Amino acid sequence: MSQWRELARSGLWSNNPALVQLLGLCPLLAVSGSIVNALGLALATLMVMVGASTAISLIRHQVPTAVRLPAFVMVIAAFVTCAELLMAAYAYPLYQVLGIFIPLIVTNCAILGRADAFASRQPVLPAAIDGLMMGLGFGAVLVLLGALRELLGQGTLFSDMALLFGPQAANWQLTIADDYQFLFFILPPGAFFVAGMLIALKNVIDQHSVARARPVTAAPRIERRVRVTGTIK
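Here the structure is a predicted model, which means the values were calculated and not measured. (Residues numbered from 1 in each chain as written. Predicted model: local features only at pLDDT ≥ 70, side-chain atom pairs only at ≥ 80, totals over all residues. Heavy atoms only, no water.)

### Structural notes on the overall build of the protein
(1) Moving on: When its secondary structure is counted, the protein shows 10 helices and 2 strands.
(2) Moving on: Along the chain direction, N to C, the helices and strands of the protein fall in the order α-α-α-α-α-α-α-β-α-β-α-α.
(3) Moving on: Taking 233 residues into account, the globule formula puts the C-alpha radius of gyration at 17 Å, and the protein, at 25 Å, lies well above it.
(4) Moving on: Looking at the protein as a whole, 39% of its 233 residues are labelled buried.
(5) Moving on: Surface exposure of the protein reaches about 13,700 Å², of which carbon and sulfur atoms provide 66%.
(6) Moving on: Looking at the protein, you have 15 positive and 10 negative side-chain charges, and the mean spots of the two groups are 26 Å apart. (Helix = DSSP H or I, 4+ residues; strand = E, 2+ residues; numbered from the N terminus. Rg over C-alpha atoms; globule rule 2.2 N^0.38 Å. Buried < 20%, exposed > 50% of the residue type's maximum accessible area, 1.4 Å probe, protein only. Areas by Shrake-Rupley, 256 points an atom, 1.4 Å probe, with all protein chains shown as cover. Lys, Arg positive; Asp, Glu negative; His and termini not counted. Charge placed at Lys NZ, Arg CZ, Asp CG, Glu CD.)

What follows is the structure, encoded as structure tokens:
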């Protein structure tokens, strides 16, 4: 259980692809203008990471070292194609909104880097769990970034969820502020700003956790000796 706990902690927090490794920032910053866009890309990325990690672990002994990276890219591209076709079939409006960023999952360094560093050296089950946790960690940051940008930029939450979940999600929108728009958070500079704040917040939490875990040493006791001199009569 300690191995699975460490894999979960690494993917979700201590080695998070978006907050620690700073990989996959192009789609992370470009697509996170709203929750629905972020959630759609997060689900597609999660599917690719789990599938690619599992497949690469299965074929790790059959792939020669000389063609390892091209073979891994081909495996990732196959799963990206599957995710793209599924989204086009079941969430076509969102597929049109995300556009080129679905095929660009192939170039996501978080997927290729983790496949080369972990999945190609581990059995199937640890590789699949690592892909799941890394995908969940990346997706969580993506959705949180989308929620903050949508809230700060438009004053709403869960707008246009019908793009992903169909007409039954048309009434899911929460309006926090009417007739409100802050263009800075909708545009790319706002994405950089909010992402930087999330990274800074994580660093502060980590530093606080380390400080609390550090054993408290008692201050050394200082003995003061007072020399008394007197006159004997």
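### Comments concerning the UniProt feature "transmembrane region" (unreviewed entry) in the protein
(1) Moving on: The sites that carry the UniProt feature "transmembrane region" (unreviewed entry) are, in the present numbering, residues 12–32, 38–59, 71–91, 97–115, 127–148 and 182–205.
(2) Moving on: Counting secondary structure, residues 12–32 comes out at 48% helix and 0% strand; the distance between its end C-alpha atoms is 19 Å. (UniProt positions renumbered as here; feature names shortened; annotations may be inferred.)

### Some thoughts on the environment of Ala-115
(1) Moving on: Its place among the elements puts Ala-115 in helix α6 (residues 109–117).
(2) Moving on: Given the relative accessible area of 1%, Ala-115 is considered buried.
(3) Moving on: In this structure the C-alpha to C-alpha distance between Ala-115 and Phe-72, which are 43 residues apart in sequence, comes to 7.5 Å.
(4) Moving on: Setting aside anything within four residues of it in sequence, one finds Ala-115 in contact with Ile-56, Phe-72 and Ser-120. (Contact = heavy atoms within 4.5 Å.)

### Focus on the packing of helix α3 (residues 35–58) against helix α7 (residues 124–154)
(1) Moving on: Interaxial distance between α3 and α7 falls to 8 Å at its minimum, and their mutual angle equals 165°. Compared by their axis directions, α3 and α7 come out roughly antiparallel. Remark: the crossing between α3 and α7 carries right-handed chirality.
(2) Moving on: Of the residues belonging to the contact of α3 with α7, the class tally is 19 nonpolar, 8 polar and 1 charged. (Axes fitted to C-alpha atoms, helices over the stretch in contact; angles between N-to-C directions. Parallel < 35°, antiparallel > 145°, perpendicular 65-115°, else oblique. Left-handed = near helix turned anticlockwise from the far one by under 90°. Nonpolar A, V, L, I, M, F, W, Y, C, P; charged D, E, K, R; others polar.)

### Points about the side chain of Ser-53
(1) Moving on: Relative to the helices and strands, Ser-53 resides in helix α3.
(2) Moving on: The exposure class assigned to Ser-53 is buried, which follows from its relative accessible area of 4%.
(3) Moving on: Within the structure, Ser-53 has its side chain in polar contact with the backbone oxygen of Met-49 (distance 2.8 Å).
(4) Moving on: The residues touching Ser-53, leaving out its near neighbours within four places in the chain, are Val-48, Ala-119, Ala-127 and Gly-131. (Polar contact = N/O pair within 3.5 Å; in protein donor to acceptor, adjacent residues only side chain to side chain.)

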